[in-house]
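Survey of secondary and tertiary structure
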Amino acid sequence: LESIKASIRARKLDFDAYVDLQKQYADVVIEVLPTQLIPDDDERKVLRVRMVMKEGVKYCNPVYLLDEGST
């Protein structure tokens, strides 16, 4: 776990300088959110994401991807 955290910290400056800046130009941004473990979820297949989409973009219709029981 510590080596993973160190790897993420080591890339943070490049992310801020080159990747994060591009969000302002994107029509759609998909962010992976921190995991929230669900009691009794033995399959561990839950991935939390947020999709942010600009309004009024031609040919860019909202997408909804929900599993049974999702909100």
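Conventions used here
Residues numbered from 1 in each chain as written. Predicted model: local features only at pLDDT ≥ 70, side-chain atom pairs only at ≥ 80, totals over all residues. Heavy atoms only, no water. Helix = DSSP H or I, 4+ residues; strand = E, 2+ residues; numbered from the N terminus. Buried < 20%, exposed > 50% of the residue type's maximum accessible area, 1.4 Å probe, protein only. Contact = heavy atoms within 4.5 Å. Areas by Shrake-Rupley, 256 points an atom, 1.4 Å probe, with all protein chains shown as cover. UniProt positions renumbered as here; feature names shortened; annotations may be inferred. Salt bridge = Lys/Arg side-chain N within 4 Å of Asp/Glu carboxyl O. Patch = residues over 30% accessible without salt bridge, like charges linked within 9 Å, V, L, I, M, F, W, Y side chains within 5 Å. Expected span 1.5 Å × (residues − 1). Bend = angle between axes of the 7 residues up to and from the residue.

**What to know about the overall build of the protein chain**
- A tally of helices and strands in the protein chain yields 1 helix and 2 strands.
- Starting at the N terminus and walking to the C terminus, you meet the elements of the protein chain as α-β-β.
- Looking at the protein chain as a whole, 6% of its 71 residues are labelled buried.
- Taking as baseline every contact in the protein chain between residues at least 6 positions apart, the subset at least 24 positions apart corresponds to 27%.
- A total accessible area of about 7100 Å² is found for the protein chain, and carbon and sulfur atoms account for 56% of it.

**Describing the UniProt feature "domain: Phosphoribulokinase/uridine kinase" (unreviewed entry) in the protein chain**
- Look at the UniProt record and you will see "domain: Phosphoribulokinase/uridine kinase" (unreviewed entry) annotated at residues 1-38.
- The distance from the first to the last C-alpha atom of residues 1-38 is 20 Å, and the span holds 47% helix and 13% strand.

**Side note on the pattern of salt bridges**
- Within the structure shown, the criterion is met by 4 salt bridges.
- With a shortest N-O distance of 3.1 Å, Asp-20 and Lys-23 are connected by a salt bridge.
- Ionic pairing is found between Lys-23 and Glu-31, a salt bridge with its closest N-O pair at 3.5 Å.
- Classification of Lys-23 by relative accessible area gives partly exposed; the value is 35%.
- Given a relative accessible area of 22%, Glu-31 falls into the partly exposed group.
- Overlapping salt bridges, with partners in common, bring together Asp-20, Lys-23, Glu-31 and Arg-50 in one network.

**Some points on a nonpolar patch on the surface**
- A surface patch of nonpolar side chains, about 560 Å² in accessible area, is lined by Val-28, Ile-30, Val-32, Leu-47, Val-49 and Met-51.
- Listing elements by their share of the nonpolar patch, those giving two or more residues are strand S1 (28-32) and strand S2 (49-53).
- Per-element tally for the nonpolar patch: the top contributor is S1, with 3 residues.
- In this fold, Val-49 is placed in strand S2.

**A word on helix H1 (residues 2-19)**
- Taking 1.5 Å of rise per residue, 18 residues should cover 26 Å, and H1 covers 24 Å from first to last C-alpha, within 8% of that figure.
- Along H1, the sharpest change in direction is near 40 degrees and occurs at Arg-11.
- Of all 18 residues in H1, 0 are buried; the element is thus mostly exposed.

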